Amino acid sequence: MEVFKGTATFSGIAIGKILYYSRGEYQIRQSLVSNVKKEIEEFRKASDRASETLQGLYEKTRLLDEQEANSFSAQKKLLESENFQRAIESCISSEKVNAAYAVMTNRDEMTETFRNLEEPVIQKRISDIREISNRLIQILGGASIRINLGEEPVILVTESLSPAEIMEMDNDKLLAVVMHHGSVVSHTSIMARTMEIPTLVDIVADDEWDGMSAIVDGYTGTLYLNPDEEIQKEYKIRLEADKKEKEELLKLKNQKDMTADGKSIGLYANIGNMSDLNNVLFYGAAGIGLLRSEFQYLGRENYPRESELFLAYKKIAETMGDRPTVIRTADLGADKQADYLDIPGETNPVMGNRGIRFCLDRKKMFRAQLRAIYRASAYGNLAMMYPMVSSEKEMDEIEALIREVKENLREKNVPFREIRTGIMIETPAAVMISRELARRVDFLSIGTNDLTQYTLAMDRQNPLLKDKYDDHHPAVLRMIRMVVEAAHAEGRKAGICGEIAADTVLTETFLKMGVDFLSVVPACILPVRKALRETDLSKE
Ligand code: PEP
Ligand code: MG
């Protein structure tokens, strides 16, 4: 047995077999082709497209990062080289296989041949071949971002996962996730928490673990590889105890969110996916306090159409009935990327063109989302809020767009409701002008994940900062208090939707500050409800 210590980002215990996933390498089905010439044509077209993309990436990164730019240019050269082209074309014609499969075979053969050569130049070339091949495979339509987890539920072990990858995963097949990269508040971990998957980060994994038995302890951040019998026995007992504890909590499903002395609090759920709706209902959340709408824009080839967004929001509005749903308008950029968004390379994406800035730069995309939200508002109790706001000027632009959208809907006799709006307080600037911002909307929702990152100037995703990124920092807590006071001074509501909202150690502190609502991942609704109900504000 071997024991590895990492950081737990969602509690829970998992016992099972490991599936090691190499990021970006897709498994392709082989199919026999009758028209070899046509298949070679397909491959050439895909090569041309990949070449164009690499050229575009070179142009985009040239001024920002010369080394990265040169690497795209080297990949382009390699892709266009006669050797590379010939190897794949001859595989298609001699074996009569589909182009994607031929690309994959070539990729794997090259990797295998040079596996043991450690010279950096060769290793770089192999990694270039891998990247080009994966790009080609995607263009050839031979793979999707969805990772095939197989038939039996597994513990997925990998270097890193993007938010889009975890979102696409089949929840029932996933016992736990173990990654090298990521942090407690990275979006991938937040998604895993929403999906209730015990997750560990900061564990350097090995592809040889594939198929081995393991235990993930999401309370202590421990991974046991090939656990011995004693440990297995212990964890089976703990798994049972865990289940019992959950059953006990489930008794609170239909209870009110009220302190022992009778103060009502809004306890809402954070979700990113339509499939999370079931858990919102299951745990009896009073509503959805944060719908991370950008996930509908990820893991796909093109912008979602207005009608697609409308149908999704309408379904949520109808399912939730009277219970409110706050749609956070798309918070794209930074770690939430898709190729079609064509976001130019940035030296510091977290400080870059993201959130509301990005939406205000892409008015067509933003208008479509606003229209979809307003159209869906006729079917339930919707509200919306804007991410990463840092100035009143942004609010001027948003308000102008909303006026235009509403006018247009009125002209066309499309029904809609006047919905509540809110601003996410995620930047120190927004904290400092929170009174002015509060006047513009109905509520303020504090996003402490980003607010901590920008206040402490510490990347929330950087594992090296895991012991330093501190959302309990007095500066953050003081800011929360300031925002609540500012909102109340303007007769508005204020709450928290960052991960800290689920920290029951702080529940009483938040209540004493006068926080009106907390929004947490569905799995934390009941533990927070328990903490609320045990708090007595009348006692000093
Ligand atoms: C936050 O920043 O606290 C927040 C809730 O938004 P996200 O985690 O999606 O950035
Ligand atoms: Mg945020």
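For the structure, check the block above.
Notes on the structure follow. (Residues numbered from 1 in each chain as written. Chains lettered and ligands numbered in written order. Predicted model: local features only at pLDDT ≥ 70, side-chain atom pairs only at ≥ 80, totals over all residues. Heavy atoms only, no water.)

1. Some remarks on the sheet that holds strand 10 (residues 288-292)
The strands making up a sheet are joined through hydrogen bonds of the backbone, oriented either antiparallel or parallel.
Then, number 1: Judged by pairing direction, the barrel is parallel, and its 8 strands sit side by side in the order 9-10-11-12-13-14-15-16 before closing back on the first. For this sheet, the mean inter-axis angle between neighbouring strands, taken without regard to orientation, is 25°. (Pairing = 2+ DSSP bridges. Helix = DSSP H or I, 4+ residues; strand = E, 2+ residues; numbered from the N terminus. Axes fitted to C-alpha atoms, helices over the stretch in contact; angles between N-to-C directions.)

2. Some points on the sheet that holds strand 5 (residues 174-179)
Then, number 1: An order of 1-8-7-3-4-5-6-2 is seen for the 8 strands of this open sheet, with the pairing classed as mixed. This sheet does not close on itself; its edge strands, each paired only once, are strand 1 (2-5) and strand 2 (7-10). Between one strand axis and the next, the sheet turns by 30° as a mean value, whatever way the strands run.
Then, number 2: As defined by bridge partners, strand 7 (residues 213-217) adjoins strand 8 (residues 222-225) across 4 bridges and the pair is classed as antiparallel. Within strand 8, the residue paired with Ala214 across the bridge is Leu225.
Then, number 3: Sitting on the sheet, helix 7 (residues 187-194) is in contact with strand 2, strand 5 and strand 6 (199-201), with an inclination near 55° to strand 2. (Contact = heavy atoms within 4.5 Å.)

3. Looking at the site of ligand 1
Then, number 1: Of all residues adjacent to ligand 1, which total 16 residues, the nearest are Arg292, Arg328, Gly447, Asn449 and Arg460.
Then, number 2: Here an oxygen atom of ligand 1 sits 2.7 Å away from a polar atom, N or O, in the side chain of Arg292.
Then, number 3: A distance of 2.9 Å separates an oxygen atom of ligand 1 from a polar atom in the side chain of Glu426.
Then, number 4: For ligand 1, the accessible surface in isolation is 290 Å², of which the surrounding protein chains cover 100%.
Then, number 5: When residues in the shell around ligand 1 are grouped by element, the largest group, 3 residues, is from helix 16 (residues 448-456). (Near = heavy atom within 4 Å. Polar contact = N/O pair within 3.5 Å; in protein donor to acceptor, adjacent residues only side chain to side chain. Areas by Shrake-Rupley, 256 points an atom, 1.4 Å probe, with all protein chains shown as cover.)

4. Description of the side chain of Asp516
Then, number 1: For Asp516, the location among the structural elements is in the loop between helix 18 (507-513) and strand 16 (517-520).
Then, number 2: Although buried, Asp516 forms no salt bridge, and the nearest oppositely charged side chain, Lys493, lies 4.6 Å from it.
Then, number 3: In contact with Asp516, not counting residues within four places along its chain, are Ile265, Gly266, His488, Arg492, Lys493 and Ala494. (Buried < 20%, exposed > 50% of the residue type's maximum accessible area, 1.4 Å probe, protein only. Lys, Arg positive; Asp, Glu negative; His and termini not counted. Salt bridge = Lys/Arg side-chain N within 4 Å of Asp/Glu carboxyl O.)

5. A look at the coordination of the magnesium ion (ligand 2)
Then, number 1: Surrounding the magnesium ion (ligand 2) are the protein donor atoms Glu426 (OE) and Asp450 (OD), at 2.0 Å. Taken together, the residues span a long stretch of sequence, with Glu426 in the loop between strand 13 (420-425) and helix 14 (428-432) and Asp450 in helix 16 at a distance of 24 residues.
Then, number 2: Residue Asp450 is classed as buried on the basis of its relative accessible area, which comes to 2%. (Donors = N, O, S within 2.8 Å, 3.2 Å for Na, K, Ca; no water.)

6. Things to note about the pattern of salt bridges
Then, number 1: Following the criterion strictly, the structure yields 34 salt bridges and no others.
Then, number 2: Between Arg440 and Glu399 there is a salt bridge, with its nearest N and O atoms 3.0 Å apart. With Arg440 in helix 15 (residues 434-440) and Glu399 in helix 13 (residues 392-411), the pair connects residues that are 41 residues apart, well separated along the chain.
Then, number 3: Taking the relative accessible area as the measure of exposure, Arg440 reaches 24% and is therefore partly exposed.

7. Focus on the environment of Ser22
Then, number 1: Note that Ser22 resides in the loop between strand 3 (13-21) and helix 1 (36-62).
Then, number 2: Taking the C-alpha atoms as reference points, Ser22 and Ala74, 52 residues apart in sequence, are found 23 Å from one another.

8. With respect to the nonpolar core
One recurring pattern in soluble globular proteins: nonpolar side chains tend to sit buried together.
Then, number 1: The biggest cluster of nonpolar side chains holds 103 residues, and the ones touching the most others in it are Leu161, Tyr386, Ile423, Ile425, Ile480, Ile496 and Phe510.
Then, number 2: With residues near it in sequence (within four places) discarded, Ile425 still touches Ala430, Val431, Leu437, Leu444, Ser445, Ile446, Gly447, Leu451 and Val483.
Then, number 3: One finds Val36, Ala46, Val97 and Tyr101 within the second-largest nonpolar core, a separate group that totals 25 residues. (Core = buried A, V, L, I, M, F, W, Y, C linked by side-chain atoms within 4.5 Å.)

9. Here we look at the pairing of strand 10
Then, number 1: Counted residue by residue, strand 10 has 5 buried out of 5 residues, so it is predominantly covered.
Then, number 2: Summarising the sheet, strand 9 (residues 266-271) and strand 10 pair through 3 bridges and their orientation is parallel. Bridge assignment links Asn270 to a residue of strand 10, and that residue is Leu290.
Then, number 3: What joins strand 9 to strand 10 is helix 9 (residues 277-282), and the crossover it makes is right-handed.
Then, number 4: With helix 10 (residues 306-320) bridging strand 10 and its parallel neighbour strand 11 (residues 325-328), the resulting β-α-β unit is right-handed. (Right-handed = clockwise from strand over helix to strand, strands pointing away.)

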